[in-house]
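If you want the building blocks of each chain, they are given just below.
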Amino acid sequence: MNNTFSASISKEFETDILVIGSGSAGSTAAIAAAKSKYKVTIAERYGFPGGTSTQMLDTFYGFFTPGDTPKKIVGGIPDLVVNRLNKTGNIFLRPNTYGAGTGVNYNPERLKQVWDNLLTESGVEIFYHSTLVGVEAIGEINKCIFFHKGLGFFMIKAKRVIDASGDADFCRWANLPFEKAGEKEPAQSMTTTFRMCNVNLQKFAEAGGKKMLKQKMKASVESGKHPLPRKEGSAHEMCQPKCISTVAVKVTDKDALDINQLTEAEKEGRRQAFLFEDFFREEVPGYEDAKIIGVSHQIGVRETRRVYGHYRLTREDFMEARQFKDQILLCGAPIEDHRKSATGESETFWQYVPKSGIYGVPYGTIVPKESDTVWVVGRCFSATHDAHASCRSMAQTMSMGQAAGLAAVQSLEEDSNAINIDVQKTRNKLLELGGIVEIPKNEADTSRNGWANNF
Ligand SMILES: Cc1cc2nc3c(=O)[nH]c(=O)nc-3n(C[C@H](O)[C@H](O)[C@H](O)COP(=O)(O)OP(=O)(O)OC[C@H]3O[C@@H](n4cnc5c(N)ncnc54)[C@H](O)[C@@H]3O)c2cc1C
C-alpha cells in the first residue's frame, strides 16, 4: 500500500462505488452501477471519456461473431451506446473486412459526447483530469489518492472500487496480484492510429481499392522506397466524409509501463504515421491531396497488466468454446495477436474460436484475488495472453463493465464480498438490461434489441 501522500491531501470525497478510468469498460460500469440508489463516481486522467474507444479508434468489434452467419452476442448498455450514436447519424456497419467480424463503425468525437451524456444522465459524479496515483487502504473503505493539477493530491473514499484503468493501476497500488505482459509471452505491439482527410474514395475504389493498397504496401516495403513497418494494415472509411482511419503503425519491443520506453514509443509511433502519409500521397491513387488530420491522443497499448482473478480465462477455454454456469458475457472474437514472427518480422496471428464459435466469460475473471470490494474490467481483466488477445474487443470490455457495475451494486445490497454475491441474480439483472449471457439459439435471438436492423 502506498502511504506517502497523507500529509499533502488537499481534499477528501466520499462515494459508494468508485470507477477508475472512463474507457469503454469503465464508462459502462458506471452507467450500470448508477441504475441504483448508490452514489457512483468515475475518475479519469484525461479530459474526456472513452479511453481507447474515443482517443484512437472508430470501430466496435465483438458485437457479432465472425463468419458467414454472424450472431449478435452482446446487448444491454452497449446497445444503448450504439443507439445514441445512431440517432445522430454517427454510425454504420462495416462488413467483415479484416477478419474480426462485422464492425460497428462510429464517429469517435461524437462518442465522447455520448459517453458524457449517458454518464451525466445516469447521475454519475465525474472527475476528469484526475489520475489515480496511490492507494492508502483497501477493504471496507478503499482510500484512493488522485492527482489533479488544480487540487494537487486528493482522496476519494469508496465502499466499492471498479478498476477500469486498462493498466490495473488500482490493483497495482493495492498490491493485488497481476501478470505483466511480456513476462511469459511477448507483449502485443503498440499502435498509433491516424486519420487522413480529403481522400478521393471513388478514385481509390476504381484503382483497385483495398487489394491494390495491399500490393502497393508490399511493393514499397520490398523496394525500400517507403520503409513502412508493415506490409498490411487497416485503412477504412470513417463516418466523416472523405476521411480514412488507419491502424497500421507497429511499435514492438517497448514496455508501456516504462517511462523512457513509452516516450520512445510515442515518438516512434508518430514517426511511422508520417512515413505512411508520404506513402499514401505518393503511391496510392485517391490520396494525392490527402493529409493527416489527427494522430491518436496517445499510442494504443494493447496489454500491460493482467490481474489474477478468482478465475483466469485461458486458451483452453477459447479452444473448447467453453460455457460456464456463472458466465456474464459471451465472446466470439478471434485471437488477434500483433507480434513478431520467429524471423523478427511483424505479423498478426489469427485464430478463430472452434466448435460453436462462442465461449462464455465467467464472473471470477472480473474479481481480483485477495480483495473483497474490488472488480477489474476491460483490458486488465483476468486472462492469459492468448485468451486476452481474443476477449479485448470493445463489445466485450463494455459487457464486463456492465456486469461489474451491477455486481458492485448487488454486493452493497447483499452486504456481501465481491466473490460471494449471488451471480445468478446478477445474470438475471443483466438479462433485464438486455444483456446476452447464453448462446442465442435461433436467428430471431440474434437480432434482439433491434438496432442492427436500423442501419
Ligand atoms: C491499436 C489498437 C487497436 C484496437 N482495435 C480495436 C478495434 O478496432 N475494435 C475493438 O473493438 N477493439 C480494438 N482494440 C481493443 C480495445 O480497444 C481495447 O481492448 C479496449 O478499448 C479497452 O478498453 P478499456 O476500457 O479496458 O481500457 P481503455 O480504453 O484503455 O480505458 C482506460 C481508461 O482509464 C484511464 N486511466 C488509465 N490510468 C488511469 C489512472 N491511473 N487514473 C485515472 N484514469 C486512468 C485512461 O485514460 C482510459 O480512459 C484495439 C486496441 C488497440 C490498442
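Residues numbered from 1 in each chain as written. Predicted model: local features only at pLDDT ≥ 70, side-chain atom pairs only at ≥ 80, totals over all residues. Heavy atoms only, no water.

Student: Is there a simple way to think about the domain arrangement of the protein in this case?
Tutor: When the parts of a complex come together, some accessible area is lost, and that lost area is often taken as the interface size. When the domains of the protein are assigned, the result is domain 1 (6-184 + 305-453) and domain 2 (194-295). One C-alpha centre belongs to domain 1, the other to domain 2, and the line joining them spans 29 Å. Applying the counting criterion to the domain 1 and domain 2 interface returns 2 salt bridges. Residue Glu109 is joined to Arg195 by a salt bridge in which the shortest nitrogen-to-oxygen separation is 3.9 Å. At the boundary of domain 1 with domain 2, the tally comes to 6 residue pairs in polar contact (both at pLDDT 80 or more). Listing elements by their share of the side of domain 1 that touches domain 2, those giving two or more residues are helix H2 (52-55), strand E4 (91-94), strand E5 (103-106), helix H4 (108-122), strand E17 (335-340) and strand E18 (346-351). Of the residues belonging to the side of domain 1 that touches domain 2, the class tally is 7 nonpolar, 10 polar and 10 charged. (Domains from an automatic or database assignment. Salt bridge = Lys/Arg side-chain N within 4 Å of Asp/Glu carboxyl O. Polar contact = N/O pair within 3.5 Å; in protein donor to acceptor, adjacent residues only side chain to side chain. Helix = DSSP H or I, 4+ residues; strand = E, 2+ residues; numbered from the N terminus. Nonpolar A, V, L, I, M, F, W, Y, C, P; charged D, E, K, R; others polar.)

Student: Teacher, can you tell me more about the packing of aromatic side chains here?
Tutor: To describe a pair of aromatic rings, one takes the distance between the centres and the angle between the planes. Across all of its chains, the model carries 16 aromatic pairs by this definition. Consider the rings of Tyr46 and Phe48, whose centres lie 5.7 Å apart with planes at 15 degrees: the pair is stacked. Judged by relative accessible area, Phe48 falls into the buried class, the value being 11%. Of the aromatic side chains, those joined through ring pairs into one cluster are Phe194, Phe204, Phe276, Phe279, Phe280 and Tyr287. (Phe/Tyr/Trp six-rings, centres within 6.5 Å; stacked < 30°, edge-to-face > 60°. Buried < 20%, exposed > 50% of the residue type's maximum accessible area, 1.4 Å probe, protein only.)

Student: Is there a simple way to explain the layout of surface pockets in this structure?
Tutor: Rolled over the atoms, a probe sized like a water molecule indicates the empty space that remains. Volume-wise, the second largest pocket comes out at about 260 Å³. Lining of the second largest pocket is provided by 20 residues; of these, Pro186, Ala187, Gln188, Asp253 and Lys254 occupy positions nearest its centre. Examining the composition of the lining of the second largest pocket, we find that 3 residues originate from one element, E17, more than from any other. Class assignment of the residues belonging to the lining of the second largest pocket gives a composition of 8 nonpolar, 5 polar and 7 charged. The two domains that each donate at least three residues to the lining of the second largest pocket are domain 1 (6-184 + 305-453) and domain 2 (194-295). (1 Å grid on protein atoms, 1.4 Å probe; cavity = no way out; pocket = protein on both sides within 12 Å on 5 of 7 lines; lining within 4 Å. Points joined across faces, edges and corners; volume = space filled by probe spheres on them.)

Student: Would you mind going over the sheet that holds E4 with me for this structure?
Tutor: What holds strands together in a sheet is hydrogen bonding between their backbones, with the strands either parallel or antiparallel. Spatially, the 3 strands line up as an open sheet ordered E3-E5-E4, and their pairing is antiparallel. For this open sheet the edge positions go to strand E3 (59-60) and E4, each flanked by a neighbour on one side alone. With 2 bridges joining them, E3 and E5 adopt antiparallel strand pairing. Note that in E5 the partner of Phe60 across the bridge is Val104. (Pairing = 2+ DSSP bridges.)

Student: Can you help me understand the side chain of Thr59 in this one?
Tutor: Here Thr59 shows up in strand E3. Looking at Thr59, the relative accessible area reads 7%, which means it is buried. A polar contact is formed between the side chain of Thr59 and the side chain of Arg94, at a distance of 2.7 Å. Here Asn105 takes part through its side chain, which lies 3.3 Å from a polar atom of the side chain of Thr59. In contact with Thr59, not counting residues within four places along its chain, are Arg94, Gly103, Val104, Asn105, Tyr106, His236 and Met394. (Contact = heavy atoms within 4.5 Å.)

Student: I would appreciate a short explanation of the packing of helix H11 (residues 394-413) against helix H12 (residues 423-433) in the present structure.
Tutor: Between two packed helices, what matters for the description is the angle formed by their axes and the separation of those axes. Where H11 contacts H12, the axes come no closer than 10 Å and their chain directions differ by 130 degrees. By the angle between their axes, H11 is oblique relative to H12. At the point where H11 passes H12, the crossing takes the right-handed sense. Here Gln402, Ala403, Leu406, Ala407, Gln410 and Glu413 of H11 lie close against H12, whose contacting residues are Lys425, Thr426, Lys429, Leu430 and Leu433. Residues of the contact of H11 with H12, tallied by class, amount to 5 nonpolar, 3 polar and 3 charged. (Axes fitted to C-alpha atoms, helices over the stretch in contact; angles between N-to-C directions. Parallel < 35°, antiparallel > 145°, perpendicular 65-115°, else oblique. Left-handed = near helix turned anticlockwise from the far one by under 90°.)

Student: Explain the nonpolar core here, please?
Tutor: If you look at the biggest cluster of nonpolar residues, it comprises 69 residues, and the most contacted ones within it are Phe60, Tyr363, Ile366 and Trp375. With 11 residues, the single largest contributor to this core is H11. Once residues within four sequence positions are removed from consideration, Tyr363 is found in contact with Asp326, Ile328, Trp375, Ala407, Ala418, Ile419, Ile421 and Val423. Among the nonpolar cores identified, the runner-up in size contains 27 residues, and Val199, Ala248, Ala273 and Tyr287 belong to it. (Core = buried A, V, L, I, M, F, W, Y, C linked by side-chain atoms within 4.5 Å.)

Student: What is the right way to look at the packing of helix H1 (residues 24-33) against H11 in this model?
Tutor: Remark: H1 packs on H11, axes separated minimally by 7 Å, with the N-to-C direction vectors making an angle of 35 degrees. Here the hand of the crossing between H1 and H11 comes out right-handed. Contacts from Ser24, Ala25, Thr28, Ala29, Ala32 and Ala33 in H1 reach Met394, Thr397, Met398, Gly401, Gln402, Gly405, Leu406 and Val409 in H11. Tallied by class, residues from the contact of H1 with H11 come to 8 nonpolar, 6 polar and no charged.

Student: Just to check I follow, could you spell out the pattern of salt bridges for this structure?
Tutor: A side chain of one charge can pair with a side chain of the opposite charge when the charged atoms of the two come close. Following the criterion strictly, the structure yields 27 salt bridges and no others. Between Glu413 and Lys429 there is a salt bridge, with the nearest N and O atoms lying 3.2 Å from each other. Taken together, the positions of Glu413 in helix H11 and Lys429 in helix H12 put the pair 16 residues apart, joining distant regions of the chain. Residue class for Glu413 comes out partly exposed when judged on its relative accessible area of 42%. Given a relative accessible area of 21%, Lys429 falls into the partly exposed group. Here the salt bridges do not stand alone but share partners, grouping Glu179, Lys184, Glu303, Arg306 and Arg312 into one network.

Student: Would you take a moment to explain the site of the ligand for this structure?
Tutor: Lining the immediate environment of the ligand, one finds 32 residues, of which Glu44, Thr52, Asp169, Arg392 and Met394 sit closest. Contact between the ligand and Ser24: an oxygen atom at 3.2 Å from a main-chain N or O atom of the residue. In this structure, an oxygen atom belonging to the ligand sits 2.9 Å away from a main-chain N or O atom of Arg379. Calculation on the ligand without its partners gives an accessible area of 1,000 Å², and the protein chains cover 94% of this total. Every element with two or more residues in the shell around the ligand is listed here: H1, E3 and strand E7 (131-137). (Near = heavy atom within 4 Å. Areas by Shrake-Rupley, 256 points an atom, 1.4 Å probe, with all protein chains shown as cover.)

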